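Coordinate analysis (summary)
Residue-level listing of the chains:
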Amino acid sequence: MEIKIKLNGTMVSDDVPADTLLIDFVRTHGCLSVKRGCETSSCGLCTVLMDDEPVLSCSTLAARANGRSVHTLEGLQEEASEFVGFIADQGAEQCGFCNPGFVMNTIALLRENPNPSDGEILAYLSGNLCRCSGYEGQLRGIRAFLNSRHEEGANHE
């Protein structure tokens, strides 16, 4: 079946078997930040934004993305660069394997709720597994980013 997806802002068309998973489609098209982890929709490593909503690409058929917009970390580098340094500064990226999923979900969270509480951050990121550091480093990094953003806003007033 032929599907057309706007992948990171570029229209991509491909003829794929009906059972092709979105993770395989985006990786075939060079988006290697999308990782295969558990293959049971439990770890969050395969998170992409489909029409700006986080979805697990390991359990989504590519056909469901037909005619839609899909973003991976490759297409969101500028937005991600705003806060990933804060997460790294907290030691939350020991091996780095889970980072793309955390970053994708953090982007979705901050778009939806630009000023989340710690509880809201933890709830939003709870679908991402990190075997090295848990969630505390990510939480501290996101909180540090939000605090710096508030300080910048206060300095501009």
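Just so we're clear, the structure is a prediction, and the values are computed from it rather than from any experiment. (Residues numbered from 1 in each chain as written. Predicted model: local features only at pLDDT ≥ 70, side-chain atom pairs only at ≥ 80, totals over all residues. Heavy atoms only, no water.)

**Some details on the nonpolar core**
The cut-off we apply is this: Note on terminology: a nonpolar core comprises buried Ala, Val, Leu, Ile, Met, Phe, Trp, Tyr and Cys residues joined through side-chain atoms within 4.5 Å. Partly exposed residues are those whose accessible area sits between 20% and 50% of the maximum for their type, while under 20% is buried and over 50% is exposed, using a 1.4 Å probe and protein chains only. The helix and strand labels rest on DSSP assignments: H or I over at least four residues marks a helix, E over at least two residues marks a strand, and numbering proceeds from the N terminus.
The biggest cluster of nonpolar side chains holds 23 residues, and the ones touching the most others in it are Leu49, Phe83, Val103, Ile107, Ile121, Ile142 and Leu146. Every element with two or more residues in this core is listed here: α4 (99-112), α5 (118-125) and α6 (136-155). Ranked by residues supplied to this core, first place goes to α4 with seven residues. One finds Ile23, Phe25, Cys31 and Cys46 within the second-largest nonpolar core, a separate group that totals 19 residues.

**Considerations on the side chain of Thr47**
What counts here: Any N or O atom pair separated by 3.5 Å or less is treated as a polar contact, with the protein-specific requirement of one donor-capable and one acceptor-capable atom, and with residues adjacent in sequence counted only for side-chain atom pairs. By definition in these notes, contact holds between two residues if any of their heavy atoms fall within 4.5 Å.
In this structure, Thr47 sits in strand β3 (residues 47-50). Here the side chain of Thr47 touches Gly44 through a polar contact of 2.8 Å, landing on its backbone oxygen. Looking at Thr47, its side chain comes within polar contact range of the side chain of Asn105, at 3.5 Å. Beyond its immediate sequence surroundings of up to four residues, Thr47 is in contact with Pro54, Val55, Leu56, Gly101, Met104 and Asn105.

**Considerations on the side chain of Ser33**
Secondary-structure assignment places Ser33 in the loop between α1 (22-28) and β3. Owing to a relative accessible area of 12%, Ser33 belongs among the buried residues under this scheme. Those residues in contact with Ser33 that lie beyond four places of it in its chain are Leu45, Thr72, Leu73, Glu74 and Pro100.

**Considering the packing of aromatic side chains**
Cut-off, in case you're wondering: By convention, a stacked pair of Phe, Tyr or Trp rings (six-membered ring in the case of Trp) has centres within 6.5 Å and planes under 30 degrees apart, an edge-to-face pair has planes over 60 apart, and any other such pair is tilted.
This model, assessed by the stated rule, comprises two aromatic pairs. Ring plane angle 65° and centroid distance 5.6 Å describe the contact between Phe86 and Phe145, whose orientation is recorded as edge-to-face. Of this pair, Phe86 sits in helix α3 (residues 84-89) while Phe145 is found in helix α6, placing the two residues 59 residues apart along the sequence. Taken together, Phe83, Phe86 and Phe145 form an aromatic cluster joined through their ring pairs.

**Regarding the sheet that holds β3**
Hydrogen bonds along the backbone pair up the strands of a sheet, which may run parallel or antiparallel. Definition in use: Any two strands are treated as partners once DSSP identifies two or more bridges connecting them. Axis angles are defined between N-to-C directions and span 0 to 180 degrees, where every axis is a line fitted to C-alpha atoms and, for a helix, only to the segment in contact.
Read across the sheet, five strands follow the order β2-β1-β5-β3-β4 without closing on themselves; strand pairing throughout is mixed. In the strand order of this sheet, the two ends are held by β2 (10-15) and β4 (53-56), each with one partner. Averaged over all neighbouring strand pairs, the angle between strand axes comes to 40°, with direction disregarded. Relative to β4, β3 runs antiparallel, the two sharing four bridges. Within β4, the residue paired with Leu49 across the bridge is Pro54. With respect to the sheet, α4 is in contact with β3, β4 and β5 (69-71), its orientation differing from that of β3 by roughly 35°.

**Quick look at unusual backbone geometry**
As a rule of thumb, non-glycine residues mostly have phi less than zero, and peptide bonds are mostly trans rather than cis. Notably, Asn8 is not glycine yet its phi reads approximately 55°, a positive angle. Following the sequence through the fold, Asn8 ends up in the loop between β1 (2-7) and β2. Residue Asn8 is classed as partly exposed on the basis of its relative accessible area, which comes to 22%. Unlike most non-glycine residues, Asp51 shows phi in positive territory, near 50°. Topologically, Asp51 is positioned in the loop between β3 and β4. For Asp51, a relative accessible area of 36% gives the class partly exposed.

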